[in-house]
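One letter stands for each residue in the lines below.
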Amino acid sequence: MDHVVVEIRRAVDAAGESHRENPRAYRRSRHKIVAQSFEDLAVLEKIAYHIRDLTEVLAATIWDGPLELRLGTELRQPLSLCLDATAGVLRAWEEGTAIPTSLDRAGDTLKAFNSAVSHGRESEAGAFTAGAAIGLDLQRILAALQHGLCSSDESTPGS
């Protein structure tokens, strides 16, 4: 996972350097695809960090290690639905389909997951900690996707 994050950062840095060296080309209509690609890479860079953190928390709930986190069985179904809906946003982005609809669905499943975490916090502190960390990472991923994908629909590159 670390090598993917490094590659994304290099691509964003290279695109940013190219933009700084020739800002007028960035604004020309024939370069809108390049501008959108730069914005897409920036979104990927933002969510890659949270995906890595999410992966580490989930791994800590599965395997023994320095973090003693647990994820209660009552959280598995809401988490599965939430992860699937978040993946649906990424699929919609890749396919160019209804991103706002998939974002709404993912937001709803995140609310359901966070509600399940809140209801279960009295039973086990380790499960609450893992659930809260997972919920926060998913919320940040969805916020980055919403900001990067929906705001780019409303504005033109370079404005």
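Since the model is a prediction, treat every value here as computed from it, not as a measurement. (Residues numbered from 1 in each chain as written. Predicted model: local features only at pLDDT ≥ 70, side-chain atom pairs only at ≥ 80, totals over all residues. Heavy atoms only, no water.)

**Student:** Can you help me understand the side chain of histidine 50 in this one?
**Tutor:** Inspection of the secondary structure assignment puts histidine 50 in helix H3 (residues 32-62). Overall, the relative accessible area of 13% leaves histidine 50 in the buried class. Beyond its immediate sequence surroundings of up to four residues, histidine 50 is in contact with Asp137, Arg140 and Ile141. (Helix = DSSP H or I, 4+ residues; strand = E, 2+ residues; numbered from the N terminus. Buried < 20%, exposed > 50% of the residue type's maximum accessible area, 1.4 Å probe, protein only. Contact = heavy atoms within 4.5 Å.)

**Student:** Just to check I follow, could you spell out the environment of leucine 58 for this structure?
**Tutor:** Structurally, the position occupied by leucine 58 is in helix H3. It is 9.4 Å that separates the C-alpha atoms of leucine 58 and glycine 131, two residues lying 73 residues apart in sequence.

**Student:** Explanation requested: helix H5 (residues 99-120) in the structure shown.
**Tutor:** In an α-helix, one full turn covers 3.6 residues, which means residues spaced three or four apart are oriented alike. Its 22 residues place the ends of H5 31 Å apart at the C-alpha level, agreeing with the 32 Å of an ideal helix rising 1.5 Å per residue. Regarding H5, the residues found buried are Ile99, Ser102, Leu103, Ala106, Thr109, Leu110, Phe113, Ala116, Val117 and Gly120. Around the axis of H5, the buried residues are gathered within 140° of arc, so they sit on the same side. The exposed set on the far side of H5, more than 90 degrees from its buried face, consists of Thr101, Asp104, Lys111 and His119. (Expected span 1.5 Å × (residues − 1). Arc of directions from axis to C-beta.)

**Student:** Just to check I follow, could you spell out the pattern of salt bridges for this structure?
**Tutor:** Between side chains of opposite charge, pairing is possible as soon as their charged atoms come close. Applying the stated rule across the entire model yields two salt bridges. With a closest N to O distance of 3.7 Å, arginine 91 and aspartate 84 form a salt bridge. You can call arginine 91 partly exposed: its relative accessible area is 41%. Between aspartate 84 and arginine 105 there is a salt bridge, with the nearest N and O atoms lying 3.8 Å from each other. Remark: arginine 105 occurs in helix H5 and aspartate 84 occurs in helix H4 (residues 73-95); sequence separation between them is 21 residues. The class of aspartate 84 is partly exposed, set by a relative accessible area of 39%. Via salt bridges that share partners, Asp84, Arg91 and Arg105 belong to a single interconnected network. (Salt bridge = Lys/Arg side-chain N within 4 Å of Asp/Glu carboxyl O.)

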